[in-house]
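Results of the structural survey
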Amino acid sequence: MTTGPMTMNDSVSMPARPADIPSVDRLLNLPALQPLLDQYGRAPATATLRRLLDTLRARAVAGELTRQALAEPALVQALAARLAREHQPRLRAVFNLTGTVLHTNLGRALLPDSAVQAVMRAMTAPANLEFDLATGGRGDRDDLIGDLLCTLTGAEAATVVNNNAAAVLLMLNTLATRREVVVSRGELVEIGGAFRIPDIMQRAGARLVEIGTTNRTHPHDYANAVGARTALLMKVHCSNYEITGFTRSVDVAEVVRIAQPHGIPVVVDLGSGTLCDLTRWGLPRETTVRETIEAGADLVTFSGDKLLGGPQAGMIVGRADLIAKIKRNPLKRALRVGKLTLAALEPVLQCYRDPDTLAQALPTLRLLTRQSGEIAALAERLLLPVQAALGEAWQVAAVPMVSQIGSGALPGGQLQSHGLVIGPREQEKRSGRRLQQLEAALRALPRPVIGRVAEQALWLDLRCLEATDEAAFAAQWPAVAEALRR
Ligand SMILES: *Cc1c(COP(=O)(O)O)cnc(C)c1O
């Protein structure tokens, strides 16, 4: 061990006593600390310094602190690291390499630039949110996007709330309290995050009448269920599952034919809510909102941040008299959207006016339609740098894989993709733990990388790594290797 002037007699690795810990006041006067006080503010930095010294004192009492840790540069460095950690935002940008494009836990759809600009304006300047610029009187926030939604869906009227779950709740609460809503047993969906049709029905104050069986529901099941207490016939999109084999379901047009003579509205929870035919881009077919309205549905609800590719929101479109009734429900006020949501939604809906440029303009569609050849080339480019950074202990391969759309959109639809598969070279007893360490190291990066573990390897699907982020992604790997060596 070398000895410097500070450690003339004592080795730096000698244990420190609690009494060796310098006072807060003495440290605050150190010139080396001044930049941190300036950067983070004197009061917050002092509070963090006290917490740091408390930690060190506890370690000294336990006999686990070396004198080296109390050297000036070590203390300044420890404080800088702790301040950086404590001031890091909780909500952070990550790399979504899960292979699920619309990942609910990672925030679903990304917004186009036009929407980002509109949100920025709405955040920093007053806006005509509920102010009619033509008359100077009070306006209605729904009017900002009502016409656009009607044009794009063929509906008479539209309203927007916080999310599709709220849209379904509000619709049922307005039109079916203390009355019956008929739903096929094959459509009693549970969406992740505790949205279940039977539960939402109960909270809305409506009585669920289940008809048919899990795999087969017939027109006569609907017809037989209709009675004096029937408020609605409801169809729900089987967002995240498919019933295949010996099946029968009744389409919207058929349900409408049964409901019409009784004057009972038919409502449809479409879930994802597509506004255009996706087969144009080689994606699986999904019934659009317009087709559902044309089939005779009186109301349709759908999400803003699934296939539509906008901000979190829930749309209700359909008959003007029913929409007007929904808007008079006091719950509408509780579930309404804020100006930032509306600011983002309008330019997103504008993108749908021109289907020719849609796949470039909307990030969700751009990612979903990305060609597997382009993703394969990206995987090949990243293979060497990642392998070089991780070293011999890890095996990295560029392989084909399959992405999914996610958020309950087109559960059967699968997209050819490419990515990196990373695993410990030696398949030994500890390889499970090594894999967990790799995952943890990727999550601990300045911009965390989220993949998925399967077959004793980490799979990084590169569909959602866009060219603009490629360099930033590649630059993080030396830090991963560093973390794995510790
Ligand atoms: C996703 C979904 C919902 C919930 O929508 P959110 O916008 O997430 O609240 C409701 N119903 C169906 C059928 C869905 O797919």
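The rules behind each value
Residues numbered from 1 in each chain as written. Predicted model: local features only at pLDDT ≥ 70, side-chain atom pairs only at ≥ 80, totals over all residues. Heavy atoms only, no water. UniProt positions renumbered as here; feature names shortened; annotations may be inferred. Near = heavy atom within 4 Å. Polar contact = N/O pair within 3.5 Å; in protein donor to acceptor, adjacent residues only side chain to side chain. Areas by Shrake-Rupley, 256 points an atom, 1.4 Å probe, with all protein chains shown as cover. Nonpolar A, V, L, I, M, F, W, Y, C, P; charged D, E, K, R; others polar. Helix = DSSP H or I, 4+ residues; strand = E, 2+ residues; numbered from the N terminus. Buried < 20%, exposed > 50% of the residue type's maximum accessible area, 1.4 Å probe, protein only. Pairing = 2+ DSSP bridges. Right-handed = clockwise from strand over helix to strand, strands pointing away. Axes fitted to C-alpha atoms, helices over the stretch in contact; angles between N-to-C directions. Contact = heavy atoms within 4.5 Å. Phe/Tyr/Trp six-rings, centres within 6.5 Å; stacked < 30°, edge-to-face > 60°. Expected span 1.5 Å × (residues − 1). Domains from an automatic or database assignment. 1 Å grid on protein atoms, 1.4 Å probe; cavity = no way out; pocket = protein on both sides within 12 Å on 5 of 7 lines; lining within 4 Å. Points joined across faces, edges and corners; volume = space filled by probe spheres on them. Salt bridge = Lys/Arg side-chain N within 4 Å of Asp/Glu carboxyl O.

If you check an unreviewed UniProt entry, the protein appears there as L-seryl-tRNA(Sec) selenium transferase from Cupriavidus agavae. Under the heading Function (unreviewed entry), UniProt records this for the protein: "Converts seryl-tRNA(Sec) to selenocysteinyl-tRNA(Sec) required for selenoprotein biosynthesis." The UniProt entry for the protein carries the following text under Subcellular location (unreviewed entry): "Cytoplasm".

**Looking at the site of the ligand**
Neighbouring the ligand are Arg108, Asn163, Asn164, Ala165, Ile191, Phe195, His237, Ser239, Asp269, Gly271, Ser303 and Lys306. Arg108 places a side-chain nitrogen or oxygen 3.0 Å from an oxygen atom of the ligand. Protein coverage of the free-state accessible area of the ligand, which is 380 Å², stands at 95%. Here the shell around the ligand is composed, by residue class, of three nonpolar, six polar and three charged.

**Overview of the UniProt feature "domain: L-seryl-tRNA selenium transferase N-terminal" (unreviewed entry) in the protein**
Per the UniProt entry, the sites bearing "domain: L-seryl-tRNA selenium transferase N-terminal" (unreviewed entry) are residues 20-57 in this numbering. Segment residues 20-57 splits into 74% helix and 0% strand. End C-alpha atoms: 9 Å apart.

**Some words on the pairing of strand S7 (residues 230-236)**
Taking burial as the measure, the seven residues of S7 include seven buried ones, the bulk of the element. Examined bridge by bridge, strand S3 (residues 180-184) and S7 share three bridges and lie parallel to one another. Across the sheet, residue Val181 finds its bridge partner in S7, namely Leu232. Sheet analysis places S7 next to strand S8 (residues 266-271), joined by four bridges and oriented parallel. Residue pairing for S8: Lys235 is matched across the bridge by Val268. Handedness of the crossover joining S7 and S8 through helix H10 (residues 252-259): right-handed.

**Section: the sheet that holds strand S10 (residues 314-318)**
Read across the sheet, seven strands follow the order S2-S10-S9-S8-S7-S3-S6 without closing on themselves; strand pairing throughout is mixed. This sheet does not close on itself; its edge strands, each paired only once, are strand S2 (157-161) and strand S6 (207-211). Across the sheet, the mean angle separating the axes of adjacent strands is 25° when strand polarity is ignored. In this structure, S3 lies alongside S6, joined through five bridges in parallel fashion. Bridge pairing links Ser184 to Ile211 in S6. In the packing of helix H6 (residues 143-153) onto the sheet, contacts are made with S2, strand S9 (299-303) and S10, and the angle to S2 comes to roughly 120°.

**Examining the packing of aromatic side chains**
Evaluated as defined, the whole model comprises two aromatic pairs. A centroid spacing of 5.3 Å and a plane angle of 80° characterise the contact between Phe95 and Phe473, whose relative ring orientation is edge-to-face. Taken together, the positions of Phe95 in strand S1 (residues 95-96) and Phe473 in helix H19 (residues 470-475) put the pair 378 residues apart, joining distant regions of the chain. With respect to burial, Phe95 and Phe473 carry one shared label: buried. A centroid spacing of 5.8 Å and a plane angle of 75° characterise the contact between Phe473 and Trp477, whose relative ring orientation is edge-to-face.

**Considering helix H7 (residues 164-175)**
Between the first and last C-alpha of H7 there are 16 Å, a value that for twelve residues agrees with the 16 Å anticipated at 1.5 Å per step. The buried fraction of H7 is high, at eleven of twelve residues. The set of residues buried in H7 consists of Asn164, Ala166, Ala167, Val168, Leu169, Leu170, Met171, Leu172, Asn173, Thr174 and Leu175.

**With respect to the domain arrangement of the protein**
Annotation of the protein at the domain level lists domain 1 (18-87), domain 2 (95-104 + 367-485) and domain 3 (113-359). The centre of domain 1, based on its C-alpha atoms, is set 37 Å off from the matching centre of domain 2.

**Here's the deal with empty space enclosed by the protein**
Enumeration over the complete set of coordinates arrives at two cavities of 30 Å³ or more. Roughly 40 Å³ of volume is contained in the largest cavity. As for the largest cavity, its lining consists of Thr274, Cys276, Leu278, Leu307, Tyr352, Leu362 and Leu365. Classifying every residue of the lining of the largest cavity by side-chain character gives six nonpolar, one polar and no charged.

**So, the pattern of salt bridges**
Applying the stated rule across the entire model yields 28 salt bridges. Asp142 is the partner of Lys332 in a salt bridge, and the nearest nitrogen-oxygen pair spans 3.5 Å. With Lys332 in helix H13 (residues 330-335) and Asp142 in the loop between helix H5 (113-124) and H6, this residue pair connects regions lying 190 residues apart in the sequence. Asp142 shares its class with Lys332; the two are buried. Among the salt bridges present, the one from Glu254 reaches Arg248, with a minimum N-O distance of 3.5 Å. A cluster of three or more residues bridged by salt bridges with shared partners is formed by Asp140, Asp142, Lys327 and Lys332.

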